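A closer look at the structure
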Amino acid sequence: MLTGPADLAALLAPLLLTDRFWRGTLCMAALTIVVFATGGLYRARRHVSILDELPSICGRLLAAAGIVAVVAASRHDSLEYLVDFMHGVALSAVLVIVGRAITRKLAIVARKRRWAEHNAIIIGGGPIAFELARLLRRYPQYGLRYVGCVDVELPTDPSAPPLIGTLKDLEKLIDMIETDVLIIADPGTSEASVMEFLRQPGAASCDLWAVPRLWGSRSYAGLPDHIGAIPVVQIRHTTLSGPRWAIKRASDILFASLAIIVLSPILLLCATVTFLDGGRGIFFYQERIGRYGKPFKVIKFRSMRPVNEQESQTNWSIADDRRVSPIGRFMRRTSLDELPQLWNILRGDMTVVGPRPERPFFVEKFSAEHPDYAMRHRVPVGLTGLAQVSGLRGDTPISDRARFDNYYIENWSLWLDIKVVLRTVAEVFRGGGR
């Protein structure tokens, strides 16, 4: 929590001596913060040590300084100017290292005195899990307060270490004990089974760590971390939250705003032909289920008029319905009827890329038939989705769609969104709609 502000203060410290190089100093500060963030230097760690981080810090400081120096040399011919500027860069680099050493020492002191600790549940009932429990009880410098272990079932052997519950109780225990951290050690079931419980809202809100199944079998990216002599790796959140959600929401607003402006002639043309084809009521409003199971009204261009609301909510597909006019069929095939949903995106009902929204009747039906289906609603529903561009449109298996949607949520990146959008554009030009 202190590391980021301390780094920024150290990088901007040369401005206290002179404002001659203020542009270069600001560029150096911004670039260094970005390079540190991409290198994982702002991620939480269980084993805190400046010596562990020092090689990575020095390497990234040199890389940022080198880039800034090249830019400065290209803009200024004066060698004296460049030397004086690099003196300021060197000062800020030294202050960053000193600041890191101080914040790391403060973190260790705060943890040892239990000023900063988080309740932790260990998922597993084997020897590794109970060795972890022993280490956390004995060494508070890891910042975790051990509250118990859970596994797939309670032990039948009276001599076995006790558990505080089973995986089925995990959601209730997280809320009751106010748990912040989950550590997967050696559970007595498969990773797929454990993931079903970790996708639940309470578990998804916790920080997730794991002990590698085969120690030394691979080299994990980033700085190694451990509790005692047991290696641990931090797992990304199984839902979109925090800074990742802020980035996605900002990109949604930018994309939807630009799309409405650029596509305004097409939107006007679609509205006109829809009016000429069927008269007034060019928009079709239908209730769909969004994030956290909340209903909202999705907006589309009308391609046909349903007989009544019940037909609208329970008719699975109108792909072969004779009431769909040639114009409506063309708009559905090219997905032009979906364009008004850009307004849903701006309102926050939807996102650009995400699980496609479904009607309440089918959400209830599919959730009962497929356990993973309801997990799709951890994020807002989307205008397009990974499942749709992977060929899962229309009458395709719901279980496959749910797997693709959950994979997207758990592996989200801005580049993944861009890839899905590009593949969606290709599908539109190919006429791969319904």
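Before any of the text, the structure's been laid out above.
Residues numbered from 1 in each chain as written. Predicted model: local features only at pLDDT ≥ 70, side-chain atom pairs only at ≥ 80, totals over all residues. Heavy atoms only, no water.

1. Structural notes on the overall build of the protein chain
Under the convention used in this document: Only DSSP runs of H or I with at least four residues qualify as helices, and only runs of E with at least two residues qualify as strands; both kinds are numbered from the N terminus onward. Three exposure classes are used, based on accessible area relative to the maximum for each residue type with a 1.4 Å probe and protein chains only: buried under 20%, partly exposed in between, and exposed over 50%. Pairs of residues are marked as contacts when any of their non-hydrogen atoms sit within 4.5 Å. To measure how exposed things are, a 1.4 Å probe is used in the Shrake-Rupley method; for residues, cover is taken only from the protein chains shown.
Each helix and strand in the protein chain was counted, giving 17 helices and 11 strands. Within the span of the protein chain, comprising 434 residues, buried residues form 44% of the whole. Partitioning the contacts of the protein chain with sequence separation of at least 6, the portion at a separation of at least 24 is 71%. Carbon and sulfur atoms make up 63% of the accessible area of the protein chain, which totals about 22900 Å².

2. Some remarks on the environment of Thr396
Within the fold, Thr396 resides in the loop between helix 15 (386-389) and helix 16 (398-410). Overall, Thr396 belongs to the buried group, its relative accessible area being 18%. Ignoring any residue separated from it by four or fewer positions in sequence, one finds Thr396 in contact with Gly391 and Arg401.

3. Re the nonpolar core
The cut-off we apply is this: Only buried Ala, Val, Leu, Ile, Met, Phe, Trp, Tyr and Cys residues count toward a nonpolar core, and they belong to the same one when joined by side-chain atoms within 4.5 Å.
Core analysis: the biggest nonpolar cluster contains 21 residues, and Ile122, Leu132, Leu136, Leu144, Cys149, Ile183 and Ile227 have the highest contact counts within it. Of all the secondary structure elements, the ones that give two or more residues to this core are strand 1 (118-123), helix 5 (127-138), strand 2 (144-151), strand 4 (181-184) and strand 7 (230-235). The dominant element in this core, judged by the number of residues it contributes, is helix 5, at six residues. Here Leu132 is in contact with Ile122, Ile183, Ala185, Val211, Ile227 and Ile230, once residues within four sequence places are set aside. Counting 20 residues, the second largest nonpolar core, distinct from the first, contains Leu383, Ile409, Trp412 and Leu416.

4. Some thoughts on the sheet that holds strand 1
What counts is decided by this rule: Here the rule is simple: two strands pair whenever DSSP picks up at least two bridges between them. The axes are straight lines fitted to the C-alpha atoms, using for helices just the contacting stretch, and the angles between their N-to-C directions are given from 0 to 180°.
In space, the seven strands of this open sheet follow the order 3-2-1-4-5-7-6, with mixed pairing throughout. Edge positions in the sheet fall to strand 3 (165-166) and strand 6 (225-227), since each has one partner strand and no second. Where strand 1 meets strand 2, six bridges bridge the pair, whose relative direction is parallel. The residue bridging Ile121 from the neighbouring strand is Gly148, located in strand 2. Contacts from helix 5 reach strand 1, strand 2, strand 4, strand 6 and strand 7, with the element oriented near 160° to strand 2.

5. Some words on a nonpolar patch on the surface
What counts here: Any residue with relative accessible area above 30% and no salt bridge may belong to a patch, with like charges joined within 9 Å and the nonpolar Val, Leu, Ile, Met, Phe, Trp and Tyr side chains within 5 Å. Should a side-chain nitrogen of Lys or Arg be within 4 Å of a carboxyl oxygen of Asp or Glu, the pair is scored as a salt bridge.
Together, Leu2, Val94, Val98, Ile102 and Leu106 line one region of the surface with nonpolar side chains, adding up to about 440 Å² of accessible area. Relative to the elements of secondary structure, Ile102 occurs in helix 4 (residues 79-112). Here Ile102 falls in the partly exposed class, since its relative accessible area comes to 48%.

6. Description of the packing of helix 2 (residues 22-38) against helix 4
Selection criterion: For classification, angles of less than 35 degrees are called roughly parallel, those exceeding 145 degrees roughly antiparallel, those between 65 and 115 degrees roughly perpendicular, and all remaining angles oblique. Left-handed describes a crossing whose near helix is turned anticlockwise from the far helix through less than a right angle; right-handed describes the clockwise counterpart. Only Asp, Glu, Lys and Arg are considered charged in this grouping, and only Ala, Val, Leu, Ile, Met, Phe, Trp, Tyr, Cys and Pro are considered nonpolar; every other residue, Gly among them, is considered polar.
Remark: helix 2 packs on helix 4, axes separated minimally by 11 Å, with the N-to-C direction vectors making an angle of 40°. Between helix 2 and helix 4, the crossing angle belongs to the class labelled oblique. Between helix 2 and helix 4 lies a crossing of right-handed hand. In this structure, helix 2 contributes Gly24, Thr25, Met28 and Phe36 to the contact, and helix 4 contributes Phe85, Val89, Val96 and Arg100. Partitioning the contact of helix 2 with helix 4 into residue classes produces five nonpolar, two polar and one charged.

7. Considering the pattern of salt bridges
On inspection of all chains with the given rule, the structure shows 17 salt bridges. As a salt-bridge pair, Glu369 and Lys365 come within 3.2 Å of each other at their nearest N and O atoms. With Glu369 and Lys365 both in helix 14 (residues 360-369) and four residues apart, the pair spans about one turn of that helix. On the basis of relative accessible area, Glu369 is assigned to the partly exposed category, the value being 45%. Take Lys365: its relative accessible area is 36%, and that puts it in the partly exposed class. One network of salt bridges, with partners in common, ties together Asp7, Glu53, Arg100 and Arg104.

8. Concerning helix 7 (residues 191-198)
We apply this condition: Here the arc refers to the directions that run from the helix axis out to each C-beta atom.
Restricting attention to buried positions, one finds in helix 7 the residues Val194, Phe197 and Leu198. Projection of helix 7 onto a plane perpendicular to its axis shows the buried side chains occupying an angular sector of 100°, all on one side. Contact partners of the buried residues in helix 7: strand 1, helix 6 (170-177), strand 4, helix 8 (201-204) and strand 5 (207-210).

9. Quick look at the pairing of strand 4
The two faces of a sheet get side chains in turn, since along a regular strand they alternate between them. Here strand 4 shows a buried face lined by Val181 and Ile183 and a second buried face lined by Leu182 and Ile184. Note that strand 1 and strand 4 share four bridges and pair parallel. Pairing of Ile122 across the sheet is with Ile183, part of strand 4. By the bridge criterion, four bridges tie strand 4 to strand 5 in an arrangement that is parallel. Bridge assignment links Ile184 to a residue of strand 5, and that residue is Ala210.

10. Some remarks on the packing of aromatic side chains
Inclusion rule: Stacked, tilted and edge-to-face pairs are distinguished by plane angle, under 30 degrees for stacked and over 60 for edge-to-face with tilted covering the rest, among Phe, Tyr and Trp rings (Trp via its six-membered ring) whose centres lie within 6.5 Å. The rule is short: NZ of Lys or CZ of Arg within 6 Å of the ring centre and within 35 degrees of the ring normal puts a charge over the ring.
Applying the stated criterion across every chain yields a total of seven aromatic pairs. With centroids separated by 5.5 Å and ring planes inclined at 20°, the aromatic side chains of Phe283 and Phe301 adopt a geometry described as stacked. In this pair, Phe283 sits in strand 8 (residues 283-289) while Phe301 sits in strand 9 (residues 295-301), placing the two residues 18 residues apart along the sequence. A relative accessible area of 4% places Phe301 in the buried class. Seen in terms of ring centroids, Phe361 and Phe362 are 5.0 Å apart; in terms of plane orientation they differ by 85°. Their pairing is edge-to-face. Cluster of aromatic residues (ring-pair linked, three or more members): Phe361, Phe362, Phe366 and Tyr373. A cation over a ring is seen here: Arg291 above Trp245, with NZ or CZ 4.8 Å from the ring centre.

11. Describing the packing of helix 1 (residues 3-12) against helix 4
Packing of helix 1 against helix 4 leaves a shortest axis separation of 8 Å and a crossing angle of 155°. In terms of their interaxial angle, helix 1 and helix 4 are classed as roughly antiparallel. Between helix 1 and helix 4 lies a crossing of right-handed hand. Along its contact with helix 1, which presents Thr3, Ala6, Asp7, Ala10 and Leu11, the element helix 4 presents Ser92, Leu95, Val96, Arg100, Thr103 and Arg104. Taken together, the residues that form the contact of helix 1 with helix 4 break down as five nonpolar, three polar and three charged.

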